[in-house]
Amino acid sequence: MEEFDCRAFLEDRLRWVAARKPLVHHITNYVVKNETANATLCLGALPVMAHALEEVEEMASQAGALLINMGTPYPDLEKAMLAAGRAANRAGVPVVFDPVGAGATSYRTRLARKLVEEIRFAVVRGNAAEMAVLAGMEAEIRGVESISTGGDAEAVARSAASRLGCVAAVTGKVDVISDGSRVLHVGNGHHMLAKVTGTGCMATTCIAVMASAGEPFLEAAAAALALFGLAGERAAEVAGERPGSFHVELYNALYELSTRLDLEGLRVT
Amino acid sequence: MEEFDCRAFLEDRLRWVAARKPLVHHITNYVVKNETANATLCLGALPVMAHALEEVEEMASQAGALLINMGTPYPDLEKAMLAAGRAANRAGVPVVFDPVGAGATSYRTRLARKLVEEIRFAVVRGNAAEMAVLAGMEAEIRGVESISTGGDAEAVARSAASRLGCVAAVTGKVDVISDGSRVLHVGNGHHMLAKVTGTGCMATTCIAVMASAGEPFLEAAAAALALFGLAGERAAEVAGERPGSFHVELYNALYELSTRLDLEGLRVT
Amino acid sequence: MEEFDCRAFLEDRLRWVAARKPLVHHITNYVVKNETANATLCLGALPVMAHALEEVEEMASQAGALLINMGTPYPDLEKAMLAAGRAANRAGVPVVFDPVGAGATSYRTRLARKLVEEIRFAVVRGNAAEMAVLAGMEAEIRGVESISTGGDAEAVARSAASRLGCVAAVTGKVDVISDGSRVLHVGNGHHMLAKVTGTGCMATTCIAVMASAGEPFLEAAAAALALFGLAGERAAEVAGERPGSFHVELYNALYELSTRLDLEGLRVT
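On a predicted model such as this, the values are computed, not experimentally measured, just so you know. (Residues numbered from 1 in each chain as written. Chains lettered and ligands numbered in written order. Predicted model: local features only at pLDDT ≥ 70, side-chain atom pairs only at ≥ 80, totals over all residues.)

With that out of the way, let us pick up the overall build of chain A. A tally of helices and strands in chain A yields 10 helices and 10 strands. At 17 Å, chain A has a C-alpha radius of gyration in line with the 18 Å of a compact globule built from 269 residues. With the principal axes as the frame, chain A shows a C-alpha extent of 40 × 40 × 40 Å. Expressed as a percentage of its 269 residues, the buried residues of chain A come to 68%. (Helix = DSSP H or I, 4+ residues; strand = E, 2+ residues; numbered from the N terminus. Rg over C-alpha atoms; globule rule 2.2 N^0.38 Å. Buried ≥ 20, exposed ≤ 12 C-beta atoms within 10 Å, placed from the backbone.)

A separate point is the pairing of strand 2 (residues 46-49) of chain A. Residue and element names in this part refer to chain A. Of the two faces of strand 2, both are covered, the one formed by L46 and V48 as well as the one formed by P47 and M49. Pairing between strand 1 (residues 23-27) and strand 2: four bridges, direction parallel. Bridge pairing in strand 2 places V24 opposite P47. Handedness of the crossover joining strand 1 and strand 2 through helix 2 (residues 33-42) is recorded here as right-handed. (Pairing = 2+ DSSP bridges. Right-handed = clockwise from strand over helix to strand, strands pointing away.)

Two elements in contact, helix 10 (residues 243-260) of chain A and helix 10 (residues 243-260) of chain B, have axes whose closest approach is 6 Å; the angle formed by their N-to-C orientations is 135 degrees. Judged by the inter-axis angle, helix 10 of chain A sits oblique to helix 10 of chain B. Across the interface between the two elements, V248, E249, L250, Y251, N252 and Y255 of chain A from helix 10 of chain A touch P243, G244, S245 and V248 of chain B from helix 10 of chain B. Of the residues contributing to the contact of helix 10 of chain A with helix 10 of chain B, the split by class is six nonpolar, three polar and one charged. (Axes fitted to C-alpha atoms, helices over the stretch in contact; angles between N-to-C directions. Parallel < 35°, antiparallel > 145°, perpendicular 65-115°, else oblique. Contact = placed C-beta atoms within 7 Å. Nonpolar A, V, L, I, M, F, W, Y, C, P; charged D, E, K, R; others polar.)

Let's shift gears to the relation of the copies chain A and chain C. Superposing chain A onto chain C takes a rotation of 120 degrees combined with a translation of 0.0 Å along the rotation axis, leaving an RMSD of 0.0 Å. The transformation just described matches what one would write down for a three-fold rotation axis. Across chain A, the smallest distance between a C-alpha and the rotation axis is recorded for Y30 of chain A, namely 3.9 Å. Counting the interface residues of chain A, we find that no more than 11% of their copies in chain C are interface residues as well, pointing to two distinct contact surfaces. (Least-squares fit on C-alpha atoms with pLDDT ≥ 70 in both.)

With that out of the way, let us pick up the environment of P22 of chain B. All names here are of chain B. Note on placement: P22 falls in the loop between helix 1 (6-20) and strand 1 (23-27). In sequence terms P22 and Q62 are 40 residues apart; their C-alpha atoms lie 9.7 Å from each other. Those residues in contact with P22 that sit more than four places away from it in its chain are V17, A45, G64, A65 and S212.

What follows is about the pairing of strand 4 (residues 95-98) of chain A. All names here are of chain A. Judged by which residues are buried, strand 4 turns out to be covered on both faces: V95 and F97 on one side and V96 and D98 on the other are all buried. Sheet topology places strand 3 (residues 65-69) next to strand 4; four bridges connect them, and they run parallel. Bridge pairing in strand 4 places I68 opposite F97. Regarding topology, helix 4 (residues 75-91) serves as the crossover connection from strand 3 to the parallel strand 4, and that connection is right-handed. Two elements, strand 4 and strand 5 (residues 123-127), share two bridges in a ladder whose sense is parallel. Counterpart to V96 in the pairing with strand 5 is V123. Tracing the backbone out of strand 4, into helix 5 (residues 106-118) and back to the parallel element strand 5 gives a crossover that is right-handed.

Once that is clear, we can look at the relation of the copies chain B and chain A. Of the two same-sequence chains, chain B is brought onto chain A (RMSD 0.0 Å, axial shift 0.0 Å) by a rotation of 120 degrees. With a heterologous cut-off of 20% or less, the 11% of interface residues of chain B that recur at the interface of chain A puts this contact in the heterologous class.

Further remarks concern unusual backbone geometry. All names here are of chain A. Following E215, the chain continues into P216 via a peptide bond in cis, with omega recorded as 5 degrees. Mapped onto the elements of the fold, P216 is located in the loop between helix 8 (199-211) and helix 9 (217-239). In the Ramachandran plot, K21 falls in the positive-phi region, its phi being about 50 degrees despite a non-glycine side chain. Examined against the element boundaries, K21 turns out to sit in the loop between helix 1 (6-20) and strand 1.

Right, let's talk about the interface of chain A and chain C for a bit. The accessible area lost on association of the parts is a frequent measure of interface size. With 27 residues of chain A at the interface, the matching set in chain C holds 25 residues. Mapped onto the side of chain A that touches chain C, the elements with two or more residues apiece are helix 2, helix 5 and helix 10 of chain A. If you tally residues by element for the side of chain A that touches chain C, the top one is helix 10 of chain A, at four residues. By residue class, the composition of the side of chain A that touches chain C is 12 nonpolar, nine polar and six charged.

Moving on: helix 10 of chain A. Over its 18 residues, helix 10 of chain A runs 25 Å from end to end, which matches the ideal 26 Å to within 8%, given 1.5 Å per residue. With 15 of 18 residues buried, helix 10 of chain A is to be regarded as a mostly interior element. (Expected span 1.5 Å × (residues − 1).)

All names here are of chain A. With mixed pairing, the eight strands of this open sheet are ordered in space as 2-1-3-4-5-8-9-10. Edge strands, defined here as strands with exactly one partner in the open sheet, are strand 2 and strand 10 (183-186). This sheet shows a mean twist of 20 degrees between the axes of neighbouring strands, independent of strand direction. This element, helix 4, spans strand 1, strand 3 and strand 4 of the sheet and lies at about 155 degrees to strand 3. In the packing of helix 7 (residues 153-164) onto the sheet, the strands contacted are strand 5, strand 8 (167-171), strand 9 (175-178) and strand 10, and the crossing angle to strand 8 comes to about 150 degrees.

Next up on the list: the confidence of the model for chain A. Summary statistics for chain A give a mean pLDDT of 96 and a share of 99% for residues scoring 70 or more. Under the prediction, the complex receives an ipTM of 0.96, its pTM being 0.97. (pLDDT = per-residue confidence, 0-100.)

Across the boundary between the two partners, chain B contributes 27 residues, which contact 25 residues of chain A. Put simply, the parts of the chain that give the side of chain B that touches chain A at least two residues each are helix 2 (33-42), helix 5 (106-118) and helix 10 of chain B. Considering every element that reaches the side of chain B that touches chain A, the biggest residue donor is helix 10 of chain B, with four residues. Along the lines of polarity and charge, the residues of the side of chain B that touches chain A split into 12 nonpolar, nine polar and six charged.

This brings us to the packing of helix 2 of chain B against helix 8 (residues 199-211) of chain B. Residues and elements named next belong to chain B. The interhelical angle for the contact between helix 2 and helix 8, taken along N-to-C directions, is 40 degrees, at an axis separation of 9 Å. Crossing of helix 2 against helix 8: the hand is right-handed. Along the contact surface, helix 2 presents E35, T36, A39 and T40, while helix 8 presents C201, M202, T205, C206 and V209. (Left-handed = near helix turned anticlockwise from the far one by under 90°.)

This part takes up the sheet that holds strand 5 (residues 123-127) of chain C. Residues and elements named next belong to chain C. Judged by pairing direction, the sheet is mixed, and its eight strands sit side by side in the order 2-1-3-4-5-8-9-10 without closing on themselves. A single partner strand is all that each edge strand has here, and the edge strands are strand 2 (46-49) and strand 10 (183-186). The average undirected angle you get between the axes of adjacent strands in this sheet is 20 degrees. Bridge count for strand 5 against strand 8 (residues 167-171) is five bridges, and the pairing is parallel. For N127, the partnering residue across the bridge sits in strand 8 and is T171. The sheet contacts of helix 8 (residues 199-211) involve strand 1 (23-27), strand 3 (65-69), strand 4 (95-98), strand 5 and strand 8, and relative to strand 3 the element is tilted by about 160 degrees.

Following this line, the structure appears as structure tokens:
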């Protein structure tokens, strides 16, 4: 296996995104709609938020990627997610899933499992507990925060990828991304990312933008997480331990990285 | 026709708003509720967000203006929009409409057309494609982004205004505002406004605030867009090509313009 | 009665929160979900937003505190609020209520009254008009803004506390907190807090975080409001009359106060 040249891969994808401005259809939670739309714009793509059953199939079919995030689940949203996911699958549009809070309540666990059964995902990204729940492993989660899991992140990623038949991205101190056989590790990131809500959701948005250019999804997911983690590092250089400023600088850094392609410091192995 | 003295008009309206603190009732999308509420406060008005059928008529009737934005449409919201719009019409409260994504899906197109048929709007603001769709012209739209239209912005604005029987504001590089016979052009604005989500929605909020003082709505809409565009220019002077900082500075600039009435640089013809 | 040492109390509670990271379950409005989640994180607690009837009882039962905010009320939300509140009551989880806009429409007034009848609250926080409405007094409110009440803040707080059988926090220039017999006054705050939407909601979030450590709720509410007001003062020192920057600095200040425990300037009597 050749080594993965993350920087060259990212440069290609970011140039592709800048040229095509892919539409990224989000069906996401009510906490991060504005934030993930802004992250999408920072990367050069176009966000659209639409969750009415009346329009999600039409919107998803014309999108470059569909992102489903179950952070604030609701029965009506569930129907829209299923319809949009199936329409995207039929149209060959990559679908990315963020199973926020799987394991926190039995409703979320059931919903997450139903979605991975009914929709063919390109990438599923979650914290270790959420991904362990989807892999059928033990996990402890409180609210939407991972507390502990029955295995290490690599075991969880491999197991989730095999079980779900897609790329599994387990994010944490080190992000572990696997397609079931290969595994990539991303060392980029910063502890201040945990002090701003929705940064996990934004990471998934980055994956959806990178996946809109098509396969390979293992590399696309790893590159997206490395880019997002690097943006976190750059933001912290400016903002330090100030979460309000860090949040602002995170968009600045994502935009600067995406437009200037000044990608020193990626740590993917 | 006298020339429009935008600066004097804006000074008058901003003083009126500061003195009266009009309530601006928003029925808007889930992406920009916080952002448009903050824009309303920056201008000196009071925002209220309410979308339950159980209360929208009562809220709209006591408001200074009602803003309907269909950025994340939903069947229940549709009923609330119709009820609120009719109640505002009965009470003589100006109603402003932002047809986000009209043309992007058949659901949004139908909804936008229904709203303009059933509600008497003071001003409708959209991008060229959205407004062309409402004017019955050709247009290409992807998600909520205008790609192309069958005519230039002025033709779209005139045609939309005539067809809808209200002031039509077509925003883009130059904003074109028409009541069907007269046309005003606003040259203020900045390309960074396209790098932050919801700036179109905030522009519509500015129109609603300015329209709360009553007719003439052509001038009110043009003045509001000039003010918002000028705020974008001022924000970019401080923030440059940094979308996170630009977003923050946009509120600072709106507030400073509204409170200090330091309105140099308006470009309305 | 001993004098209340607010600083020592806050230091204890903030250390407790930092060690335990209590989960604060919010059922809140669509305007401030992101902002109150970030305020929760700044204080060292973990936010979770969940409003589906299918999961709110399970989520509320495992939380450190439940916050119910009716800023954008809706019939479905009402059911979720009632179910979550009762579940929290059964589990001994403190419940905090923010009756946003009570008095502004008859729907909100009915809803607020129903919630205080059916749920046992630890603390209810609102502006003078909202609290007067709950206390059965005269009040004038426009949208979600208090205009005037039939009594002064202290009379409203005492009366609301007695009638509701819980701690009542009436916020304004000076915040007045009462359990019906004792009264505390908080002098911290800044006029720029009124220029950013959702700061009242964030204040209630601070109360919920402080209440998650249990009784005494009178002191917990006063300490939370003093902390939040002090954060506003600190933010204004950096940001001045710039609402965008003030909003950013407010998170910075909350985080710095909570992590460094540098609590000079609390004004509670």
